[in-house]
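Residue strings, one per chain:
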Amino acid sequence: ASVVQRLWRGSVSSGMLSPRLQRAMRDYLSANKHHVTYEGRRWAAQSSRGLLCELKDQARLRTLDGSEQPFSSLGWAHLVPRLALEQLYRQGGQRGFRSCAVVTSAGAILHSGLGKEIDSHDAVLRFNAAPTEGYVRDVGNKTTIRIINSQILANPKNHFNTSSLYKKVTLVAWDPAPYAVNLHKWYASPDYNLFSPYVEHRRLHPTQPFYVLHPKYVWQLWDVIQGNTQETIQPNPPSSGFIGILLMMALCEEVHVYEYIPSLRQTDLCHYHEGYYDAACTLGAYHPLLYEKSLVQRINTGPERDLKRKGRVTLPGFSTVNC
Ligand code: C5P
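All of the points below concern the structure found in this document. Note that the structure is a prediction, hence the values are computed from the model and not measured.

### Re the overall build of the chain
Scanning the chain for helices and strands turns up 15 helices and seven strands. Relative to the globule expectation of 20 Å for 323 residues, the C-alpha radius of gyration of the chain, 19 Å, shows essentially globular dimensions. Here the chain holds 323 residues, and 55% of them are scored as buried. Put simply, 71% of the contacts in the chain that link residues at least 6 apart link residues at least 24 apart. Of the accessible surface of the chain, which amounts to about 14,300 Å², a share of 48% is contributed by carbon and sulfur atoms. Taking the average location of the 36 positive side-chain charges in the chain and that of its 26 negative ones, the two points are 3 Å from each other.

### A word on the site of the ligand
Near the ligand you find 15 residues, and of these Asn-128, Ser-239, Cys-270, His-271 and Lys-293 are the closest. Here Gly-241 contributes a backbone N or O atom positioned 3.0 Å from an oxygen atom of the ligand. For the ligand, a nitrogen atom lies 2.9 Å from a polar atom in the side chain of Thr-282. Looking at the shell around the ligand, its residues break down into six nonpolar, eight polar and one charged.

### As for helix H12 (residues 240-251)
An ideal rise of 1.5 Å per residue puts 16 Å on 12 residues; H12 measures up with 16 Å between its terminal C-alpha atoms. Among the 12 residues that make up H12, 11 are buried, leaving the element largely enclosed by the rest of the structure. Of the positions making up H12, those classed as buried are Ser-240, Gly-241, Phe-242, Ile-243, Gly-244, Ile-245, Leu-246, Leu-247, Met-248, Met-249 and Leu-251.

### Considering the packing of helix H11 (residues 215-227) against H12
Relative orientation of the contacting elements H11 and H12 amounts to 100°, with a least axis distance of 11 Å. Comparing their axes, H12 and H11 come out roughly perpendicular. Residues Tyr-217, Val-218, Leu-221 and Ile-225 of H11 touch H12, and the partners they reach there are Phe-242, Ile-243, Leu-246 and Leu-247. When grouped by side-chain class, the residues that make up the contact of H11 with H12 number eight nonpolar, no polar and no charged.

### Here we look at unusual backbone geometry
Look at the link from Gln-69 to Pro-70: it is a cis peptide, with omega at 0°. Here Pro-70 lies in the loop between helix H3 (48-58) and helix H4 (76-79). The phi torsion at Asn-32 lies on the positive side, around 40°, for a residue other than glycine. Looking at the element boundaries, Asn-32 is found in the loop between helix H2 (19-31) and H3. Despite not being glycine, His-111 has its phi angle at roughly 65°, a positive value. Examined against the element boundaries, His-111 turns out to sit in the loop between strand E1 (97-103) and helix H6 (115-119). Assessed through its relative accessible area of 70%, His-111 is described here as exposed.

What counts, and at which threshold
- Residues numbered from 1 in each chain as written.
- Predicted model: local features only at pLDDT ≥ 70, side-chain atom pairs only at ≥ 80, totals over all residues.
- Heavy atoms only, no water.
- Helix = DSSP H or I, 4+ residues; strand = E, 2+ residues; numbered from the N terminus.
- Rg over C-alpha atoms; globule rule 2.2 N^0.38 Å.
- Buried < 20%, exposed > 50% of the residue type's maximum accessible area, 1.4 Å probe, protein only.
- Contact = heavy atoms within 4.5 Å.
- Areas by Shrake-Rupley, 256 points an atom, 1.4 Å probe, with all protein chains shown as cover.
- Lys, Arg positive; Asp, Glu negative; His and termini not counted.
- Charge placed at Lys NZ, Arg CZ, Asp CG, Glu CD.
- Near = heavy atom within 4 Å.
- Polar contact = N/O pair within 3.5 Å; in protein donor to acceptor, adjacent residues only side chain to side chain.
- Nonpolar A, V, L, I, M, F, W, Y, C, P; charged D, E, K, R; others polar.
- Expected span 1.5 Å × (residues − 1).
- Axes fitted to C-alpha atoms, helices over the stretch in contact; angles between N-to-C directions.
- Parallel < 35°, antiparallel > 145°, perpendicular 65-115°, else oblique.

In structure tokens:
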């Protein structure tokens, strides 16, 4: 069976990857850039309900609120949005979102014709610099939340301050801190400097909801992936895709994820909006993507035909899971 067929069944192993991707994995393991020291269990046989409950408990959505050093001394309590992200869509009698779409940037979404279906959800999450213009038939044009990694903020080529991609949406930025999460060290040397662009953007656009994920949240998600995988996973943070899926499970009653687990349209085309080909984008090299995807398939409640034809996974929101 191919790697993708194994993903559809939710059972994967790094041995299924090409020698090049296996070597990349080993190199990231020996580099251990973020100083991961994981001592917990590695459990492979948990039921989907058990997994959901563990995620609900471990993946409590958390953003920087300015209450911890060094951010408290820097006045971040007044800089961050007054409403927490979990409350943003529950104010004034709103009940949060019923149905949500998470649209990954995978090349396999090209020619899917899923745009209308995606836009019919109450909220749509997109990633980084993924455009809708020019691709509306396949990816839709509604964007409610955009998750951006720190490179988007730090690299001038993304035109973060001027591009319309980052306007009129809720923004959620993230950057990996060291695994032990020392906020002082993180502030002094983030992977890419997101702090000054964030502060500047908050001052210029105080009414636009814009959050920074707490790095502890990111590593707690990683712990759940490793804790439910027998193999040693890459000691690097989960992909934006996995983070976005878990974020929407905290905000929505039902989450539909498109082209995270590849459909029959599977391709090495990395992004639908770029002519760059690399299987690592779908199967992982830096990120523990293969294992993230296997975990998500284990909690998928949708039918196999949705997976094959639409690349669609259906997940329950945490508010509907009783543990
Ligand atoms: O590349 P980027 O991180 O911006 O893409 C957003 C997310 O979409 C990734 O973090 C990953 O989870 C998912 N993705 C994927 N397969 C691809 C490209 C992206 O699963 N070929």
